[in-house]
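One letter stands for each residue in the lines below.
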Amino acid sequence: MKQILEEIIGYQQLVVNLKKKRMPVEVLKSFPEFSSPTRSLKQAVAGSEEGIIAEFKRRSPSKEAINLKADVMNIAQSYEKMGAAGMSVLTNQRYFGGSLEDLQLAKSVCNLPILRKDFMVDAYQMYEAKAYGADAILLIANALSAEKLEELAILAKELGLEILFEIHEAEEIQKLDTQYIDLIGVNNRNLRTFEVNIQQGLDMLPHLPSELLKISESGIQDRETIQKLIQKGFNGVLVGEFFMKQKVSEFKKD
Ligand SMILES: O=C(O)c1ccccc1NCC(=O)[C@H](O)[C@H](O)COP(=O)(O)O
């Protein structure tokens, strides 16, 4: 059976090829956000105590429905009030129920830097991310070759987008030169098996470049775990399901 990561990447390339015809890069370049300054996710995380990147996620391949009726504008404003350093918006429709319009709406109602959380496989998606208001993009180490990662990283930088470089194992850090990396995301979820192991992420900390900000991603289900991860040396956390399952009135500062 084809594993989910390969399936998503294959699907993504098909969608990108269709989108390139429907909305050429030249059109994306005419969007107002394309020429607007970006907000720095890196600085926001560095300047915040817990470095929370709160994610907007309606559903997922591992959990299916999480919060299907969630209102992105309401959630974006609530994340900002809660004191999040940044917001992550899943823009993949088929697997996560998200869209670029969600990203655009989130950007329009809050001052948080916004990460486009998606499976980036093609230069076109960098232009798209910038046009719809992203401040940072995700590059997943084990989804692409080192050559492709570098090609996309160079373009992202040219467009003023920051890069969250996601790894699942310490050696994957070598796939992209650190000059391109703004934040390292250590994914606690194995994207092939969906197994979550927060301790494995913690064990990787001493093997990662000390000068880079480190974010623990996925499977974080309570405040105590956030505090533990920060105490042990992560600069921030990326949390989706835990927040998306709460009522916005329950979001707390600590
Ligand atoms: O969340 C999934 O099931 C998933 C499956 C396959 C590829 C990626 C997946 N998630 C993307 C993410 O990176 C997470 O949404 C993010 O780290 C937040 O995770 P969580 O706090 O567990 O919702």
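Here the structure is shown first, and the text comes after it.
Computed from a predicted model, the values in this text were never measured in an experiment. (Residues numbered from 1 in each chain as written. Predicted model: local features only at pLDDT ≥ 70, side-chain atom pairs only at ≥ 80, totals over all residues.)

(A) Representation of the site of the ligand. Neighbouring the ligand are 18 residues, the closest being Ser60, Ser62, Ser218, Gly240 and Glu241. Those elements that place two or more of their residues in the shell around the ligand are strand 10 (236-239) and helix 11 (241-244). Along the lines of polarity and charge, the residues of the shell around the ligand split into 8 nonpolar, 5 polar and 5 charged. (Near = placed C-beta within 6 Å. Helix = DSSP H or I, 4+ residues; strand = E, 2+ residues; numbered from the N terminus. Nonpolar A, V, L, I, M, F, W, Y, C, P; charged D, E, K, R; others polar.)

(B) Main features of helix 6 (residues 100-109). Residues of helix 6 that are buried include every one of Leu100, Asp102, Leu103, Leu105, Ala106 and Lys107, and no others. Looking at the buried side of helix 6, the elements it contacts are strand 1 (52-56), helix 4 (72-82), strand 4 (86-90), strand 5 (114-117) and helix 7 (123-131). (Buried ≥ 20, exposed ≤ 12 C-beta atoms within 10 Å, placed from the backbone. Contact = placed C-beta atoms within 7 Å.)

(C) Quick peek at the sheet that holds strand 10. If you walk around this closed barrel you meet the 8 strands as 1-4-5-6-7-8-9-10, and the pairing is parallel. Averaged over neighbouring strand pairs, the angle between their axes works out to 25° when direction is ignored. In the sheet, strand 1 pairs with strand 4 via 4 bridges, with the strands oriented parallel. Following the sheet pairing, isoleucine 53 is matched in strand 4 by glycine 86. (Pairing = 2+ DSSP bridges. Axes fitted to C-alpha atoms, helices over the stretch in contact; angles between N-to-C directions.)

Scope: geometric values only; no functional claims are made or implied.
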